[in-house]
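Topology and contacts: notes
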Amino acid sequence: MILDGGAVRGAFMGGVLAELHARGYKADYWDMFVGTSIGGTSATYFSAGQIEEGLRFFTEHMPKGFISKFCGIPRFDLAYLAWAYRESPDALDVQKLRKSTPVYMPIANEVTGEPDFVCVNSTPDPTWPMLQGVRVPILTHNIACIEGKQGWDGGFVCCPPVCHPKVKEATEVWYLSPVPEGGRESAFKSYFYALLLGGFDPQLWRMIARMSARSNTARDEIEKIPNLRIIRPKKPLKIGWAHQNVGEIDQVISEGRLAAHEFLYTYERRT
């Protein structure tokens, strides 16, 4: 299963996973998960069987603790997220995760500008790639909770994460995305973010400036995969990637549940 990024918009995918689980599609139905940014986090909680805990990141932890805004500009508190993953009532159950379906997350390598895929289940600290995978230049603070080598949000270089080598070998691929059919990114948007976030780091600037082109190419490649199962919204979501209105986020989760329900109605009849 491939899961897109999208920050708070990933609530749609959270709703999809919750409905799949409710209908009996547990993590072991798939051989592996590859998820970018919040897609990787959602897949990790799904793999560990922590469905409600994963959903609460969209309705509790992201809008109320992880995300804050100053003059409309979002800031992301990585220390809060580390607490939520490791110590909160919704902390990740590492022991269950170790025994479950592998989850791979891309981390943008700050030297090469390419994605490094990390298996969350087998890392000494599974929350390490989850924190790395959502780290955004300038906007993210309190990064001391990440020890060792650091990278950037995988969404800069690998969203959706179709370039994982095992994806092309799969006989059937499921693809979850908060982006409707035909959704593509503009080059202007990438250059704007590159100017805003790239600072004086040429490698980081180039990586972010190429984000839209790489994303659009990946979406084109996904459409060509044989036996592709896609669950995505029919129209653009009404929430943004740093949204904080819990009621509207809940509505998007419900949209994800409904989309999964409609998909399974057709899928189960065919299979």
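Anything mentioned here points back to the structure above.
What comes next is a walk through the structure. (Residues numbered from 1 in each chain as written. Predicted model: local features only at pLDDT ≥ 70, side-chain atom pairs only at ≥ 80, totals over all residues. Heavy atoms only, no water.)

Notes on the overall build of the chain
Note the following rule: For the purposes of this entry, the term helix denotes a DSSP run of H or I that reaches at least four residues, the term strand denotes a run of E that reaches at least two, and both are numbered from the N terminus. Both definitions apply: the radius of gyration is a C-alpha atom measure, and the globule rule equals 2.2 Å times residues to the power 0.38. Only protein chains enter the calculation, and the probe is 1.4 Å; a residue is then buried if its accessible area is under 20% of its type maximum, exposed if over 50%, and partly exposed in between. We call two residues contacting when some pair of their heavy atoms lies within 4.5 Å. Only the protein chains shown count as cover for residues, and all accessible areas are computed by the Shrake-Rupley method using a 1.4 Å probe. His is not counted here, nor are the chain ends, while Lys and Arg score as positive and Asp and Glu score as negative. Each charge is placed at NZ for Lys, CZ for Arg, CG for Asp and CD for Glu.
When its secondary structure is counted, the chain shows 10 helices and nine strands. Since a compact globule built from 271 residues should have a radius of gyration of about 18 Å, the 17 Å found for the chain is in line with a globular shape. Dimensions of the chain, computed from the C-alpha atoms along their principal axes, are close to 55 × 40 × 35 Å. Counting only residues that meet the buried cut, the chain has 58% of its 271 residues in that class. Restricting to contacts in the chain with at least 6 residues of sequence separation, those with at least 24 account for 74%. When the accessible surface of the chain is summed, it comes to about 12400 Å², and 54% of that surface belongs to carbon and sulfur atoms. Taking the 30 positively charged and 30 negatively charged side chains of the chain as two groups, their mean positions are separated by 3 Å.

Let's talk about the pairing of strand 6 (residues 115-119)
Definition in use: Any two strands are treated as partners once DSSP identifies two or more bridges connecting them.
Here strand 5 (residues 103-108) runs beside strand 6; their pairing, made up of five bridges, is antiparallel. Within strand 6, the residue paired with Ile107 across the bridge is Asp116. Hairpin connection of strand 5 to strand 6: six residues between the antiparallel strands, including Gly113 at a positive phi of 75°.

Topic: the packing of aromatic side chains
Our working definition: Stacked, tilted and edge-to-face are the three classes assigned to paired rings of Phe, Tyr and Trp, where Trp is represented by its six-membered ring and a pair needs centres within 6.5 Å; plane angles under 30 degrees give stacked, over 60 edge-to-face, the rest tilted. Note on criteria: charge over ring means Lys NZ or Arg CZ within 6 Å of the ring centre, with the direction from the centre no more than 35 degrees off the ring normal.
Summed over the entire model, instances satisfying the criterion amount to 20 aromatic pairs. An angle of 50° between the planes, with centres 5.5 Å apart, marks the rings of Tyr80 and Trp83 as tilted. With Tyr80 and Trp83 both in helix 4 (residues 78-86), this residue pair falls three residues apart, about one helical turn. Centroid distance Tyr191 to Trp205: 5.9 Å. Interplanar angle 45°. Geometry classified as tilted. Of this pair, Tyr191 sits in helix 7 (residues 187-197) while Trp205 sits in helix 8 (residues 202-209); the two residues are 14 residues apart in sequence, bridging distant segments of the chain. Ring pairs connect the aromatic residues Tyr25, Tyr29, Trp30, Phe33, Phe46, Trp174, Phe263 and Tyr267, which therefore count as one cluster. In this structure, Arg135 packs its charged tip against the face of Trp152, placed 3.8 Å from the ring centre.

Here we look at the sheet that holds strand 2 (residues 33-35)
Here is the rule: Here an axis means a line fitted to C-alpha atoms, over the contact stretch when the element is a helix, while the angle between two N-to-C directions is reported on a 0 to 180 degree scale.
Strand order across the open sheet formed by six strands is 6-5-2-1-8-9, with mixed pairing between neighbours. One side of each edge strand has no neighbouring strand; the edge strands of this open sheet are strand 6 and strand 9 (228-231). Pairing geometry for strand 1 (residues 2-3) and strand 8 (residues 173-176), over two bridges, is parallel. Within strand 8, the residue paired with Leu3 across the bridge is Leu176. In this fold helix 2 (residues 38-47) packs onto strand 1, strand 2 and strand 5, with an angle of close to 160° to the strand it touches most, strand 5.

Digging into the packing of helix 3 (residues 51-66) against helix 10 (residues 246-270)
Selection criterion: Under this scheme an angle from 65 to 115 degrees is roughly perpendicular, one under 35 degrees roughly parallel, and one over 145 degrees roughly antiparallel; angles in between are oblique. Handedness of each helix crossing follows the sense of rotation of the near helix against the far helix: counterclockwise by less than a right angle gives left-handed, clockwise gives right-handed. Under the scheme applied, nonpolar residues are Ala, Val, Leu, Ile, Met, Phe, Trp, Tyr, Cys and Pro; charged residues are Asp, Glu, Lys and Arg; polar residues are all the others, including Gly.
At their nearest, the axes of helix 3 and helix 10 sit 10 Å apart, and the two run at 150° to each other. One finds that helix 3 runs roughly antiparallel with respect to helix 10. Here the hand of the crossing between helix 3 and helix 10 comes out right-handed. Residues Glu52, Leu55, Phe58, Thr59, Pro63 and Lys64 of helix 3 form the contact with helix 10, whose participating residues are Val246, Ile249, Asp250, Ile253 and Arg257. By residue class, the composition of the contact of helix 3 with helix 10 is six nonpolar, one polar and four charged.

Considerations on the sheet that holds strand 4 (residues 73-77)
One open sheet holds the three strands; their spatial order is 3-4-7, and the pairing between them is mixed. The open sheet terminates on both sides in strands that have one partner only, identified here as strand 3 (67-70) and strand 7 (140-141). Both strand 3 and strand 4 contribute to a ladder of four bridges, which runs antiparallel. Within the sheet, the bridge partner assigned to Lys69 lies in strand 4 and is Pro74.

Regarding the nonpolar core
The nonpolar side chains of a soluble globular protein tend to be buried, and buried together. What counts here: We define the nonpolar core as a collection of buried residues of types Ala, Val, Leu, Ile, Met, Phe, Trp, Tyr and Cys that are connected through side-chain atoms lying within 4.5 Å of one another.
Ranked by internal contacts, the top residues of the largest apolar core, which has 71 residues, are Met1, Leu20, Phe33, Phe156 and Trp174. For this core, the element with the most residues is helix 10, which contributes eight residues. The residues contacting Trp174, other than those within four sequence positions of it, are Met1, Ile2, Leu20, Tyr29, Trp30, Arg229, Ile231, Phe263, Leu264 and Tyr267.

So, the pairing of strand 4
The antiparallel hairpin formed by strand 3 and strand 4 contains two residues in its connecting segment, where Cys71 sits at a positive phi of about 55°. With two bridges joining them, strand 4 and strand 7 adopt parallel strand pairing. When the sheet's bridge partners are listed, Asp77 is paired in strand 7 with His141.

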